[in-house]
There are 2 protein chains.
Amino acid sequence: MNEVSRAALGRLPMYLRYLKDVQTENISATKIAEELGLGEVQVRKDLAAASGKGRPKIGYETKALIERLEVCLGQKNHCRAILAGAGKLGRALLDYEGFSDYGLEIAAAFDCDDAVGTSEAGKPIYPLEKMRDFCRENGIKIGIITVPKEAAQEVCDLMTENGITAIWSFAPINLKVPKGVALRQENLALSLAHLNQQI
Amino acid sequence: MNEVSRAALGRLPMYLRYLKDVQTENISATKIAEELGLGEVQVRKDLAAASGKGRPKIGYETKALIERLEVCLGQKNHCRAILAGAGKLGRALLDYEGFSDYGLEIAAAFDCDDAVGTSEAGKPIYPLEKMRDFCRENGIKIGIITVPKEAAQEVCDLMTENGITAIWSFAPINLKVPKGVALRQENLALSLAHLNQQI
């Protein structure tokens, strides 16, 4: 699969919801654009990136297009992540339902002993010592870090040492990861500060 | 003040923490870069954007540079935001301490009646009907949206009608704002999905 841009990826669930309601065997990018109130050029580009070009005058076979968008969104290769740090933000992410649109699930959280138990939605929160075995046994590839910044690098190292190849961190500190590990660092305070500058 | 880039803004707290420990009257960008393990060109650019150029051979007057970075980070013009939607994510943001680095504070949250009370850290959560008066009386300019997507546009309209000129939304829906209102839309599921594509 080609890498679909972040912006396009954001629109795919909308296309998918619409396509699932379509009754016709074929559908054109023009029609989709019209129905969703989007620019035709954009829809054409998004679908080409996700699924290749439609056939002239005919467009896409609806069923096949749905299938390919689902693959592209990862809904066919269900992917499980783990999370370290079951504080408020950690728990909010742990129980957030929107990840399933993209075939993602946070399988479990890890924290120090006194936070162990289950989340409101019933997700397990295990002691940090169990992370190593859990990652290896379940082939976890994505780790989410919501621990305080003092603990973040240590947790990050623990994750990458146990097979995790993508880290999503909310700790306000620059993490170092081995080559080949994808890293996305959120800085919520910075996002708000940057918005404040634009007022 | 010129608009400082998001990346530079992210480094200013680090410069500031270092500068507050400096004992000398003057400090050069070279020295700061060395001490913090950053590239000299980058530090020079960041400081120029935030505070103008240093003097040749002398650099910056430490005290004045601290002052200007604080202004740039908004620490001198304390800015208060409000938040709508006191669910898990809302409460996590409400009590998040990192905003103060940038002179930002979430003054209060608003939600429907049964969520009213105080957060764990003691921040007030008022009924939604009070938002209008609170914004006007306190000259609030920033609104954070953590309500479910069905309610997001309505809350957004309420905010912009009452003097808010910058919206930071976590609702997974495209909001429409009047001209002149800054809008930043976070999509947490999309961030994770995009990271997943990079594995």
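Please refer to the structure placed before this passage.
Conventions we followed
- Starting from 1, residues in each chain are numbered consecutively following that chain's sequence as written.
- Going through the entries in the order they are written, you letter the chains from A and number the ligands from 1.
- Since the coordinates come from a predicted model, pLDDT governs what is reported: local features require at least 70, and pairs of side-chain atoms require 80 or more to be given and counted, while whole-chain, interface and lining totals use all residues.
- Calculation of side-chain values draws on the structure's entire complement of heavy atoms; hydrogens and water are dropped beforehand.
- Categorising residues by exposure relies on relative accessible area from a 1.4 Å probe, with only protein chains included: less than 20% of the type maximum marks a residue as buried, more than 50% marks it as exposed, and the intermediate range marks it as partly exposed.
- For helices the rule is a DSSP run of H or I covering at least 4 residues; for strands it is a run of E covering at least 2, with both sets numbered from the N terminus onward.
- In this context, the arc is that of the directions from the helix axis out to the C-beta atoms.
- By this definition, two strands are paired if DSSP reports at least two bridges between them.
- By definition, residues are in contact when any of their heavy atoms lie within 4.5 Å.
- Throughout, an axis means a line fitted to C-alpha atoms (over the contacting stretch in the case of helices), and angles, computed between N-to-C directions, take values from 0 to 180 degrees.
- Each pair of aromatic rings taken from Phe, Tyr and Trp, with Trp reduced to its six-membered ring, is defined by centres within 6.5 Å and is described as stacked if the planes are under 30 degrees apart, edge-to-face if over 60, and tilted in the remaining cases.
- Using a 1.4 Å probe, buried area is obtained as the accessible area two parts lose upon being combined, added over both of them.
- A carboxyl oxygen of Asp or Glu within 4 Å of a side-chain nitrogen of Lys or Arg is what we treat as a salt bridge.
- In the analysis that follows, any N or O atom pair within 3.5 Å is treated as a polar contact, provided that within protein one partner can donate a hydrogen and the other can accept it, and provided that, for residues neighboring in sequence, both atoms belong to side chains.
- Residues are grouped as follows: Ala, Val, Leu, Ile, Met, Phe, Trp, Tyr, Cys and Pro are nonpolar; Asp, Glu, Lys and Arg are charged; all remaining types, including Gly, are polar.
- Least-squares fitting of one copy onto the other uses the C-alpha atoms of those residues that reach a pLDDT of at least 70 in both copies.

(A) Expanded view of helix α2 (residues 29–36) of chain B. Residue and element names in this part refer to chain B. Every buried residue belonging to α2 is among A29, I32 and A33, and all of these are buried. Around the axis of α2, the buried residues are gathered within 100° of arc, so they sit on the same side. The first or second residue beyond α2 is G37, which carries a positive phi of 65°.

(B) Representation of the sheet that holds strand β6 (residues 124–127) of chain B in the model. Residues and elements named next belong to chain B. Pairing is mixed in the open sheet, where seven strands are placed in the order β5-β6-β4-β3-β7-β8-β9. Two strands in the sheet have a free side with no partner beyond their single neighbour: β5 (117–118) and β9 (182–185). Summarising the sheet, strand β4 (residues 104–111) and β6 pair through three bridges and their orientation is parallel. Paired with D111 across the bridge in β6 is P127. Against the sheet, helix α7 (residues 149–161) contacts β3 (79–84), β7 (142–145) and β8 (166–169), and its axis sits at roughly 170° relative to β7.

(C) Representation of the packing of aromatic side chains. Summed over all chains, the structure comprises 12 aromatic pairs over all chains. Ring plane angle 80° and centroid distance 5.0 Å describe the contact between Y96(B) and F99(B), whose orientation is recorded as edge-to-face. Accessibility expressed as a relative area gives 24% for Y96(B), which makes it partly exposed. The exposure class assigned to F99(B) is buried, which follows from its relative accessible area of 2%. Pairwise contacts between aromatic rings join Y96(A), F99(A), W168(A) and F170(A) into one cluster.

(D) Highlighting the sheet that holds strand β8 (residues 166–169) of chain A. Strand order in the open sheet made by the seven strands is β5-β6-β4-β3-β7-β8-β9 (chain A), with mixed pairing throughout. Both edges of this open sheet fall to β5 (117–118) and β9 (182–185) of chain A, since each of them pairs with a single strand only. Where helix α7 (residues 149–161) of chain A meets the sheet, it contacts β3 (79–84), β7 (142–145) and β8 of chain A, and its direction lies at approximately 170° from that of β7(A). Relative to β8(A), helix α8 (residues 188–197) of chain B is tilted by about 155°, and along the sheet it contacts β3, β4 (104–111), β7, β8 and β9 of chain A.

(E) Representation of the interface of chain A and chain B in the model. Contacts between chain A and chain B engage 46 residues on the former and 46 residues on the latter. Both faces considered, chain A and chain B share a buried interface measuring about 4300 Å² in area, 68% of it formed by carbon and sulfur atoms. Seen at the junction of chain A and chain B, the total is two salt bridges. Between K88(B) and D95(A) there is a salt bridge whose closest N-O contact spans 2.9 Å. In this assembly, chain A and chain B are joined by six residue pairs in polar contact (both at pLDDT 80 or more). Of all the secondary-structure elements, those providing two or more residues to the side of chain A that touches chain B are α1 (6–19), α5 (88–94), β7, β8, β9 and α8 (188–197) of chain A. For the side of chain A that touches chain B, the per-class residue count stands at 28 nonpolar, nine polar and nine charged.

(F) Local environment of the relation of the copies chain A and chain B. When chain A is fitted to chain B, the residual RMSD is 0.1 Å, and the transformation amounts to a turn of 180° plus an axial shift of 0.0 Å. What the rotation and shift describe, once combined, is the action of a two-fold rotation axis. When you check the interface residues of chain A against chain B, 100% turn up at the interface there too, and the contact is symmetric in its surfaces.

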